[in-house]
Amino acid sequence: MGVERDPKPDAAGGSGITAGFRAFETVPEGRRLNSATPLDKTFPPRHAAAMAFESESPLDSLWKEYGRAFQDWDDLTLARWLAQTLGELEGRAWRLSHPLVGAYRLGAQLAHEKQIWFKRLATPPAAYAESPCCRAPFLPLLTRDVRESGLICQHCNETLVPFDEIPADIRAEIEAWAQQYEPVHAVAHWDDRQRRSAGNYDAAYENAAERAEQLLARAGREIAPKLLNSYAAAVWEDQDECLEVRPEDVQL
Ligand SMILES: [Zn+2]
């Protein structure tokens, strides 16, 4: 698409609004985007490697600062805000990078720590079912790892819907999409031998990034909206940090 990619990681640490549950993925030297955010730091990590991750990136600190706004709220205020915001989120498929989703996730993280949903201080909109993982309202995230991880809970970051339990009418389409995405994403993780055999690795990487942009756009345009047949709202991941695809590169 002719978009020039910055060869260096963004000094500010990538897109701050973008959630960082993938921050711990191994990225080849020199290709690392500092896409970490602390949004999921206190959640059980998706990868064991994350256990050892203790560093404080500038972006981590920034998200912590953002999150402090919620810490001043009492439990009832937080519960009511989350319930009301779920009402605003209802009926749409949202980019993970959307500021409203980012704010909701900050509040949801704190609510999870404080067990807000167990206390039943506020009633979420009726369209939201209760999550089996943490009893928060059902808010699934679609990622390229859906075949292994299923749809991810935006409250506790655990698997909310295992892949096999995704409604059958959309599962085949999601599976085909994820299967197409896998070899594209894998280009970012090629070893030296694979890179050498490709000849021009930079061109292969750039091609893969453009392909990822298209695949992510399809997820947002075609796949995520279909999740609304089964769920009150849905979120889709609109970035690929390993291929340096930012939300603004993914055009609907
Ligand atoms: Zn959960």
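Residues numbered from 1 in each chain as written. Predicted model: local features only at pLDDT ≥ 70, side-chain atom pairs only at ≥ 80, totals over all residues.

### A closer look at the overall build of the chain
Okay, step 1: Secondary structure summary: the chain contains 8 helices and 5 strands in total.
Okay, step 2: Of the regular secondary structure in the chain, the N- to C-terminal order runs α-α-β-α-α-β-α-β-β-α-α-α-β.
Okay, step 3: Within the chain, buried positions represent 42% of all 252 residues.
Okay, step 4: Here the contacts in the chain between residues at least 6 apart in sequence split such that 66% fall between residues at least 24 apart. (Helix = DSSP H or I, 4+ residues; strand = E, 2+ residues; numbered from the N terminus. Buried ≥ 20, exposed ≤ 12 C-beta atoms within 10 Å, placed from the backbone. Contact = placed C-beta atoms within 7 Å.)

### Notes on the nonpolar core
Okay, step 1: Counting residues in each nonpolar core, the largest one holds 56 residues, and the members touching the most others are Leu 142, Leu 151, Ala 219, Ala 224, Ala 234, Val 235 and Trp 236.
Okay, step 2: If one sorts the elements of this core by residue count, helix H8 (residues 201–227) sits on top with 10 residues.
Okay, step 3: Aside from chain neighbours lying at most four places away, what touches Leu 142 is Leu 151, Ala 219, Ile 223, Ala 224, Leu 227, Ala 234, Trp 236 and Glu 237. (Core = buried A, V, L, I, M, F, W, Y, C linked by C-beta atoms within 7 Å.)

### Remarks on the sheet that holds strand S2 (residues 140–142)
Okay, step 1: Taken in spatial order, the 5 strands of this open sheet run S1-S5-S2-S3-S4, and their pairing is mixed. Two strands close off the open sheet at either side, each with one partner strand: strand S1 (93–95) and strand S4 (159–161). Shown here is a sheet whose adjacent strand axes are inclined to one another by a mean of 40 degrees, direction ignored.
Okay, step 2: The pairing of S2 with strand S3 (residues 151–153) spans 2 bridges and is classified as antiparallel. Residue Pro 140 lies in a different strand from S3, and its bridge partner there is Cys 153. (Pairing = 2+ DSSP bridges. Axes fitted to C-alpha atoms, helices over the stretch in contact; angles between N-to-C directions.)

### Observations concerning the environment of Asp 75
Okay, step 1: You can see Asp 75 is positioned in helix H2 (residues 75–89).
Okay, step 2: Look past the residues within four positions of Asp 75 in its chain and what remains in contact with it is Lys 114, Ile 116, Lys 119 and Leu 121.

### Details of unusual backbone geometry
Okay, step 1: The phi torsion at Gln 115 lies on the positive side, around 60 degrees, for a residue other than glycine.
Okay, step 2: Along the chain, Gln 115 turns up in the loop between helix H3 (99–113) and helix H4 (116–119).
Okay, step 3: Look at Arg 135: it is not a glycine, yet its phi comes out positive at around 70 degrees.
Okay, step 4: The topology assignment puts Arg 135 in the loop between H4 and S2.
Okay, step 5: A residue is classified by how many C-beta atoms lie within 10 Å of it, and Arg 135, with 13 of them, is partly exposed.

### Quick word on the packing of helix H1 (residues 58–71) against H3
Okay, step 1: Interhelical geometry of H1 versus H3 gives an angle of 60 degrees and a closest axis separation of 9 Å. The pairing of H1 with H3 is recorded here as oblique in orientation. Read as a crossing pair, H1 and H3 show a hand that is right-handed. Residue-level inspection shows Tyr 66, Gly 67, Phe 70 and Gln 71 of H1 in contact with H3, the latter providing Leu 106, Gly 107 and Leu 110.
Okay, step 2: Classifying every residue of the contact of H1 with H3 by side-chain character gives 4 nonpolar, 3 polar and no charged. (Parallel < 35°, antiparallel > 145°, perpendicular 65-115°, else oblique. Left-handed = near helix turned anticlockwise from the far one by under 90°. Nonpolar A, V, L, I, M, F, W, Y, C, P; charged D, E, K, R; others polar.)

Without other data, these values stay purely geometric and don't point to any function.
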